[in-house]
Amino acid sequence: NAGVTQTPKFQVLKTGQSMTLQCAQDMNHEYMSWYRQDPGMGLRLIHYSVGAGITDQGEVPNGYNVSRSTTEDFPLRLLSAAPSQTSVYFCASRVTGSSLAFFGQGTRLTVV
Amino acid sequence: KQEVTQIPAALSVPEGENLVLNCSFTDSAIYNLQWFRQDPGKGLTSLLLIQSSQREQTSGRLNASLDKSSGRSTLYIAASQPGDSATYLCAGRSGNTGKLIFGQGTTLQVKP
């Protein structure tokens, strides 16, 4: 039972570098989302998708891009990393209409 | 705008105690409320989901209640064990936007 899989688990970037955080789910969930978790601030929604080909912005979308070409995958792209993007990133999925969300193990990103 | 607050931020109790974690939300148009557990360096695991039409949900030693009129939810843990040590987050799903809004979490330590 793979569930929601995120890669990599850890990453260090230099300011200005770009990278893609991968997220894949094998539960055929339509709804997928990306959150960032910072100390004392809980989880904040970055982007979400209600199905293949459809994405929308969350609470803190600046500096991040997403695409959803398949139901299974929802990558998050940092085009030009900044120290403010140092955080733990979580991907989640659920069936549309259900509130039961499944989370990945997270990616700990440090931008120096 | 929905805001979710959890008090206290941290809690330390001896093993065997019954305890209550609090979650408050500002928008009564909440669709449902979910409690999660997060172990250090791990993702989130859903514990209990309470629909807006429900008053409480139970799973083993855990009981969660929801009072929309007062904007409060509580997570009751009976006979706490060291294995319960973790961070507990509540998240309200907005009835207007459908998005999950997270509290900052309560970090629980249960001492043997």
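Here the structure is a predicted model, which means the values were calculated and not measured. (Residues numbered from 1 in each chain as written. Chains lettered and ligands numbered in written order. Predicted model: local features only at pLDDT ≥ 70, side-chain atom pairs only at ≥ 80, totals over all residues. Heavy atoms only, no water.)

### Overview of the overall build of chain B
When helices and strands are counted, chain B shows 0 helices and 11 strands. Put simply, chain B runs from its N terminus to its C terminus through helices and strands in the order β-β-β-β-β-β-β-β-β-β-β. Taken over the C-alpha trace, chain B has a radius of gyration of 13 Å; the compact-globule value for 112 residues is 13 Å, and the two agree within 12%. In terms of its C-alpha atoms, chain B occupies a principal-axis envelope of roughly 45 × 25 × 20 Å. When each of the 112 residues of chain B is scored for burial, the buried share is 44%. Sequence separation of 24 or more characterises 54% of the internal contacts of chain B that already satisfy a separation of 6 or more. Across chain B, the 10 positively charged side chains and the 8 negatively charged ones have centroids separated by 7 Å. (Helix = DSSP H or I, 4+ residues; strand = E, 2+ residues; numbered from the N terminus. Rg over C-alpha atoms; globule rule 2.2 N^0.38 Å. Buried < 20%, exposed > 50% of the residue type's maximum accessible area, 1.4 Å probe, protein only. Contact = heavy atoms within 4.5 Å. Lys, Arg positive; Asp, Glu negative; His and termini not counted. Charge placed at Lys NZ, Arg CZ, Asp CG, Glu CD.)

### Brief notes about the packing of aromatic side chains
Under the defined criterion, the tally for this structure stands at 7 aromatic pairs over all chains. When the centroid spacing of 5.4 Å and the interplanar angle of 80 degrees are considered together, the rings of Phe103(A) and Phe36(B) count as edge-to-face. Of this pair, Phe103(A) sits in strand β10 (residues 102–103) while Phe36(B) sits in strand β4 (residues 30–38), each in a different chain. We note that Phe103(A), like Phe36(B), is buried. (Phe/Tyr/Trp six-rings, centres within 6.5 Å; stacked < 30°, edge-to-face > 60°.)

### Brief notes about the interface of chain B and chain A
A common way to state how big an interface is: give the accessible area lost once the parts meet. With 20 residues of chain B in contact, the opposing surface of chain A contributes 20 residues. Here chain B packs against chain A, burying approximately 1,500 Å² in sum over the two surfaces, 52% of which is carbon and sulfur. When the buried area of chain B at its contact with chain A is split by residue, Leu44(B), Lys99(B) and Phe102(B) rank highest and sum to 31% of it. For the interface between chain B and chain A, the tally reads 1 residue pair in polar contact (both at pLDDT 80 or more). Of the residues contributing to the side of chain B that touches chain A, the split by class is 7 nonpolar, 9 polar and 4 charged. (Buried area = accessible area lost by both parts, 1.4 Å probe. Polar contact = N/O pair within 3.5 Å; in protein donor to acceptor, adjacent residues only side chain to side chain. Nonpolar A, V, L, I, M, F, W, Y, C, P; charged D, E, K, R; others polar.)

### Some details on the pattern of salt bridges
All names here are of chain A. Per the counting criterion, the structure on display carries 4 salt bridges over all chains. Between aspartate 38 and arginine 44 there is a salt bridge, with the nearest N and O atoms lying 2.9 Å from each other. Here aspartate 38 falls in the buried class, since its relative accessible area comes to 10%. One connected set of salt bridges, linked through shared partners, spans Arg36, Asp38 and Arg44. (Salt bridge = Lys/Arg side-chain N within 4 Å of Asp/Glu carboxyl O.)

### Some remarks on the sheet that holds strand β7 (residues 64–66) of chain A
All names here are of chain A. One open sheet holds the 4 strands; their spatial order is β1-β3-β8-β7, and the pairing between them is antiparallel. Two strands close off the open sheet at either side, each with one partner strand: β1 (4–7) and β7. This sheet shows a mean twist of 20 degrees between the axes of neighbouring strands, independent of strand direction. Note: β7 against strand β8 (residues 76–78), 3 bridges, orientation antiparallel. Note that in β8 the partner of asparagine 65 across the bridge is arginine 77. (Pairing = 2+ DSSP bridges. Axes fitted to C-alpha atoms, helices over the stretch in contact; angles between N-to-C directions.)

### Observations regarding the nonpolar core
Grouped together as the largest cluster of nonpolar side chains are 21 residues, with contacts concentrated most on Leu33(B), Trp35(B), Leu75(B), Ile77(B), Tyr88(B) and Leu108(B). In this structure, Leu13(A), Cys23(A), Leu76(A) and Ala81(A) belong to the second largest nonpolar core, which totals 19 residues. (Core = buried A, V, L, I, M, F, W, Y, C linked by side-chain atoms within 4.5 Å.)

### Describing the environment of Trp34(A)
Within the secondary structure layout, Trp34(A) lies in strand β4 (residues 31–37). The spatial distance from the C-alpha of Trp34(A) to the C-alpha of Leu21(A) is 10.0 Å, given a sequence separation of 13 residues.

### Things to note about the sheet that holds strand β7 (residues 62–67) of chain B
Residues and elements named next belong to chain B. A sheet is described by the order of its strands in space; here 5 strands give the open sequence β1-β3-β8-β7-β6, paired in antiparallel fashion. The sheet terminates laterally at β1 (4–7) and β6 (56–59), the two strands that pair on one side only. With strand direction ignored, the average angle separating the axes of adjacent strands in the sheet is 15 degrees. Direction of pairing for strand β3 (residues 19–25) relative to strand β8 (residues 72–77): antiparallel, over a ladder of 6 bridges.

### Some remarks on the confidence of the model for chain A
Per-residue pLDDT for chain A averages 94, and the proportion of residues at 70 or more is 99%. β8(A) holds the highest mean pLDDT among the elements of chain A, 98, whereas β10(A) holds the lowest, 91. (pLDDT = per-residue confidence, 0-100.)

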